[in-house]
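Examination of the molecular architecture
Here are the chains, one letter per residue:
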Amino acid sequence: MLRNIIIKKKTILIVLAGLIVFGGLTALCLTAAITPAVASNGMTIVIDPGHGGIDGGVVGVNTGKKESDVNLGISLSLRHFLREAGYTVVMTRESDVDLAESGQPFKKSDMQARKKIIDDASPDFVLSVHQNSYPRKDISGAQVFYAPGSEQGKENANKVQSVLNGALSSDRVAKSGDYYILQCSGAPSLLVECGFLSNPTEEALLVTTEYQQKVAYALCTSIRMLLEGDIDPHEGAEHK
Ligand SMILES: [Zn+2]
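Here's what I pulled together on the structure shown here. Remember, predicted model here, so these are calculated numbers, not experimental data.

**Observations concerning the nonpolar core**
One finds Leu 78, Leu 82, Leu 127, Leu 164, Leu 190 and Leu 219 to be the most contacted residues of the largest nonpolar core, which totals 40 residues. By residue number, the principal contributor to this core is helix H7 (residues 209-228), which donates 10 residues. Residues in contact with Leu 127, not counting those within four places in the same chain, are Val 46, Ile 47, Asp 48, Leu 78, Leu 190, Val 192, Leu 219 and Ile 223. Among the nonpolar cores identified, the runner-up in size contains 12 residues, and Val 46, Ile 118, Ala 121 and Ala 187 belong to it.

Have a look at this one:
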């Protein structure tokens, strides 16, 4: 009998403890639910992490790391920073997949699917994220591309290039590039090759989460400069 009472007391204590923990968790959840989200600034960005799925893009000269994975890492981090700044972000992909329809010519089908996502989003800006590769291993640095003949594209690309040069210690000049993604929609679009996976030093940086976040923060700063106009251009140099 005494043993039963002790067991019952124990059971009551366990139930009480459970209720307290559950109550605490509920309170936490409710707090999270009522914490106001970042106010939307009304602008939408499409981030296009290049390649994916069976199309890995170029590969790291030492690590063999696929460009598609680096592109995705930087893009997901960029989405985080842009959301924190109030942007709505649409991704062409969020995992290691391609967008091609089976039975269709791969590259054409994959690119058309990306165009459809851009068209559906009616974005204020499109950024396609890639990594570079070159036969000479000493070539390095971030490189921004704009649509051939686009004066606005050139102006935007120069601004983004300038932020990237400051933040990532590169000294490259923005160039025009005949890329489908830059010309497939009416939205202002740029393509950035964040670095060279053929350069061992840059590759060692590009495969790390920390550096990917640094690149993403610089890209976020440059996009905000383009669309908001009052962002300190040196802000991107110090990723926190
Ligand atoms: Zn690429």
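**Some thoughts on the coordination of the zinc ion**
Geometrically, a metal with four donors at the corners of a regular tetrahedron has ideal angles of 109.5 degrees, and one with six donors at the corners of a regular octahedron has ideal angles of 90 or 180 degrees. All of the protein donors around the zinc ion are His 51 (NE2), Glu 67 (OE) and His 130 (ND1); their distances to the metal are 2.1 to 2.2 Å. Of note, the donors binding the zinc ion are all from one chain and are spaced H-x15-E-x62-H. With Glu 67 in helix H2 (residues 67-84) and His 130 in strand S3 (residues 125-132), this residue pair connects regions lying 63 residues apart in the sequence. For Glu 67, a relative accessible area of 2% translates into the label buried.

**Here we look at the layout of surface pockets**
Approximately 220 Å³ is the volume attributed to the largest pocket. Lining the largest pocket are 16 residues, with His 51, Lys 107, His 130, Tyr 179 and Leu 191 sitting closest to its centre. Sorting the residues of the lining of the largest pocket by element identifies helix H3 (106-121), S3, helix H5 (180-183) and strand S6 (189-196) as the ones contributing at least two each. For the lining of the largest pocket, the leading source of residues is H3, giving 4 residues. When grouped by side-chain class, the residues that make up the lining of the largest pocket number 5 nonpolar, 5 polar and 6 charged. As a volume, the second largest pocket reaches approximately 150 Å³. As for the second largest pocket, its lining consists of 13 residues, of which Ser 140, Gly 141, Leu 168, Ser 169 and Glu 202 are closest to the centre. With 3 residues, helix H6 (residues 200-206) is the largest single contributor of residues to the lining of the second largest pocket. Within the lining of the second largest pocket, the residues separate by chemical class into 5 nonpolar, 6 polar and 2 charged.

Analysis parameters
Residues numbered from 1 in each chain as written. Predicted model: local features only at pLDDT ≥ 70, side-chain atom pairs only at ≥ 80, totals over all residues. Heavy atoms only, no water. Core = buried A, V, L, I, M, F, W, Y, C linked by side-chain atoms within 4.5 Å. Buried < 20%, exposed > 50% of the residue type's maximum accessible area, 1.4 Å probe, protein only. Helix = DSSP H or I, 4+ residues; strand = E, 2+ residues; numbered from the N terminus. Contact = heavy atoms within 4.5 Å. Donors = N, O, S within 2.8 Å, 3.2 Å for Na, K, Ca; no water. 1 Å grid on protein atoms, 1.4 Å probe; cavity = no way out; pocket = protein on both sides within 12 Å on 5 of 7 lines; lining within 4 Å. Points joined across faces, edges and corners; volume = space filled by probe spheres on them. Nonpolar A, V, L, I, M, F, W, Y, C, P; charged D, E, K, R; others polar.

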